[in-house]
Amino acid sequence: MNNQSTPAAEFVDVTKSYGTLEVLQNLSFSIAPAERVSLIGPSGSGKTTILRMLMTLEQPTSGDIRVFGKPLSSGTGPRLREQDVRAARAHIGMVFQQFNLFPHMSAIGNVMEAPMQVLGMAKDDARAMAQALLDRVGLGAKADSYPSQLSGGQQQRVAIARALAMKPQIMLLDEITSALDPELIGEVLDVVHSLASETRMAMLVVTHEMGFARDIADRVIFMEKGRIVEEGLPDQVFEDPASERTRSFLRSVRR
Amino acid sequence: MNFDLNSINVILPLLLQGLKVTVIASTGAVIVAIALGLLIAIVRRSAGRALRLAIDTVVTVVRSTPLLVQLYLLFYVLPLYGPAMSPMTTGILGLGIHYCAYLSEVFRAGIDAVPKGQWEAAIALQFNRLQTWRRLIIPQVVRIVLPQVGNYFISIYKHSSLLATITVVEILGTTLNYAGETFRYFEAFTLLGIIYFIVGFSLSRTVGYLERRLA
Ligand SMILES: Nc1ncnc2c1ncn2[C@@H]1O[C@H](COP(=O)(O)OP(=O)(O)O)[C@@H](O)[C@H]1O
Ligand SMILES: [Mg+2]
């Protein structure tokens, strides 16, 4: 990677513990602007925790997290100012495993809400943008449906449009197809693929869909027990992993 | 004793006038109870240990003492040390404070029933705390607690009859005044019961309807 450009996101010696359980140990890695990184590894290896710390839903126990060079969280340093954290966080968007749509708002209402409330966008502009985003995820005709009237795959696509509406430069996707019936997984992954080809967002993708992890990524990171075991180009990690642990993990998920 | 049908012509307009006062007092009280109850539930969530203990103590005291005693304290004792308020204002505040203690618990449970993922989505979309409460959490809490709040409104409506004891001329006060002057207790209280029932029954049907619709 180019050392001159500032990373989009950077973990420096980050440790995360819950009580005595050390979930992430001295983790350091970075993501370049527009880079797509797949995070794979067995359940409990700390993948979700990484994404949640980037979204400031969890705080590191020690170490620093930076977004475009600006501090987002500091486990040991001085307490950061709320407005600085908010400014750093504004670059980041997230799509959750459980969608987390707002049940009292229609699909288009879900997408319009943050631009209007947070960015102060005028209602007509927000509606036009939201409609365009729903069109883009293939749900233009469902704009007025409520989440409870949509299938899981449709809900997740609304959630993607909602996250996009805030124009994040880093998109976090945490097992976004794990709560879906198998026949609905494809439509969601297709949307993510087209986003990847049409935008320059950095993406950090946690998934159990190994084909997707491989296709979407510029780089794959394999984690186990809170540590990065190996990282590299998708073809290299999937075809010729350096570590025996990666090899056995890939064997177990391919069965 | 015979029921004097002709007296209905006199009593009914009087009672409807009293009913108006009852409705105003109940509505005012439920607004006070909702506002205070919601405030307590929200403040309590982010309060430190000391403030939380203070809030819980007050709520417990209010819940464990009779409404009638609270009304007397507000009406006869408070003016000795503070501002004198009209009977109506005292009544609305008294009822509202009494019921806010119950509604704060209802709201607390309602807030806890909003999934954690909603708060996390709010952070991921850069909402601040106020926006999160106002646009995301409270609208969902309202849907969750509406039937319970409706039932408490019916309680408030029935208990507003206690305001007669602090000289508010609501529907019971009107009835007592009329019956005291004319000795037509039979007619007056029969009619009073019927009106209380019609309004109370309609309210509970409305709450039941809301409950079914929101389920
Ligand atoms: N809030 C929490 N309290 C205690 N332990 C947690 C908490 N969140 C996650 N963990 C633990 O942290 C470890 C890593 O979890 P997670 O990041 O969700 O892993 P993954 O996403 O790779 O499956 C697991 O052992 C999990 O049980
Ligand atoms: Mg996970």
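Placed above this text is the structure.
Reading the values: the criteria
Residues numbered from 1 in each chain as written. Chains lettered and ligands numbered in written order. Predicted model: local features only at pLDDT ≥ 70, side-chain atom pairs only at ≥ 80, totals over all residues. Heavy atoms only, no water. Pairing = 2+ DSSP bridges. Helix = DSSP H or I, 4+ residues; strand = E, 2+ residues; numbered from the N terminus. Axes fitted to C-alpha atoms, helices over the stretch in contact; angles between N-to-C directions. Contact = heavy atoms within 4.5 Å. Buried area = accessible area lost by both parts, 1.4 Å probe. Salt bridge = Lys/Arg side-chain N within 4 Å of Asp/Glu carboxyl O. Patch = residues over 30% accessible without salt bridge, like charges linked within 9 Å, V, L, I, M, F, W, Y side chains within 5 Å. Areas by Shrake-Rupley, 256 points an atom, 1.4 Å probe, with all protein chains shown as cover. Buried < 20%, exposed > 50% of the residue type's maximum accessible area, 1.4 Å probe, protein only. Near = heavy atom within 4 Å. Polar contact = N/O pair within 3.5 Å; in protein donor to acceptor, adjacent residues only side chain to side chain. Nonpolar A, V, L, I, M, F, W, Y, C, P; charged D, E, K, R; others polar. Expected span 1.5 Å × (residues − 1).

Draft legend 1. Representation of the sheet that holds strand β1 (residues 9-18) of chain A within the structure. Residues and elements named next belong to chain A. Reading across the sheet, the four strands line up as β2-β1-β4-β5 and stay open at both edges, with antiparallel pairing between neighbours. Unpaired on one side and paired on the other, β2 (21-31) and β5 (70-74) mark the two borders of the sheet. Strand after strand, the sheet turns through a mean of 25° between neighbouring axes, direction not considered. For β1 and β2, the ladder comprises seven bridges, and the chain directions are antiparallel. Its bridge partner being in β2, Lys16 is matched across the sheet by Leu24. The strands touched by helix α1 (residues 47-54) are β1, β2, β4 (62-67) and β5; relative to β1, the strand with the most contacts, the crossing angle is about 115°. Each of β4 and β5 is contacted by helix α2 (residues 82-89), which is oriented at about 110° to β5, the strand it contacts most.

Draft legend 2. Representation of the interface of chain B and chain A within the structure. Across the contact, 18 residues belong to chain B and 24 residues belong to chain A. Across the interface of chain B and chain A, roughly 1800 Å² is buried in total on both sides, 58% from carbon and sulfur atoms. Sorting the residues of chain B by area buried against chain A places B:Glu120, B:Leu125 and B:Gln126 first, and these three jointly supply 35% of that buried surface. Inspection of the region where chain B meets chain A yields two salt bridges.

Draft legend 3. Spotlight on a nonpolar patch on the surface. Residues and elements named next belong to chain B. The grouping of Leu68, Val69, Tyr72, Leu73, Tyr76, Val77, Leu80 and Tyr81 at the surface amounts to a nonpolar patch, some 820 Å² of accessible area in total. Mapped onto the elements of the fold, Leu68 is located in helix α3 (residues 67-81). Assessed through its relative accessible area of 32%, Leu68 is described here as partly exposed.

Draft legend 4. Main features of the site of ligand 1. Residues and elements named next belong to chain A. Around ligand 1, the structure places Tyr18, Val23, Pro42, Ser43, Gly44, Ser45, Gly46, Lys47, Thr48 and Thr49. Between Thr48 and ligand 1, the recorded distance is 2.7 Å, taken from a side-chain N or O atom to an oxygen atom. When isolated, ligand 1 has an accessible area of 560 Å², and the protein chains bury 61% of it. Take the shell around ligand 1: its biggest share by element is three residues, from α1. Of the residues that constitute the shell around ligand 1, the class distribution is three nonpolar, six polar and one charged.

Draft legend 5. Up close: helix α7 (residues 171-182) of chain B. All names here are of chain B. The terminal C-alpha atoms of α7 lie 16 Å apart, and with twelve residues this matches the ideal 16 Å at 1.5 Å per residue to within 8%. Taken together, the buried positions of α7 are occupied by Ile171, Leu172, Gly173, Thr174, Thr175, Tyr178 and Ala179. If you follow the buried residues of α7, they end up packed against α1 (8-46) and α8 (185-214). The opening residue of α7 is Glu170, an N-cap whose side-chain oxygen sits 3.1 Å from the backbone nitrogen of Leu172. A positive phi of about 60° marks Phe183, the residue just after α7.

Draft legend 6. Just the side chain of A:Arg157, in detail. Residues and elements named next belong to chain A. As for its position among the elements, Arg157 is in helix α5 (residues 152-164). Looking at Arg157, the relative accessible area reads 10%, which means it is buried. A polar atom in the side chain of Arg157 sits 2.9 Å from the backbone oxygen of Val137. In this structure Arg157 touches Val137, Gly138, Leu139, Glu187, Val188 and Val191, once residues within four positions along its chain are discounted.

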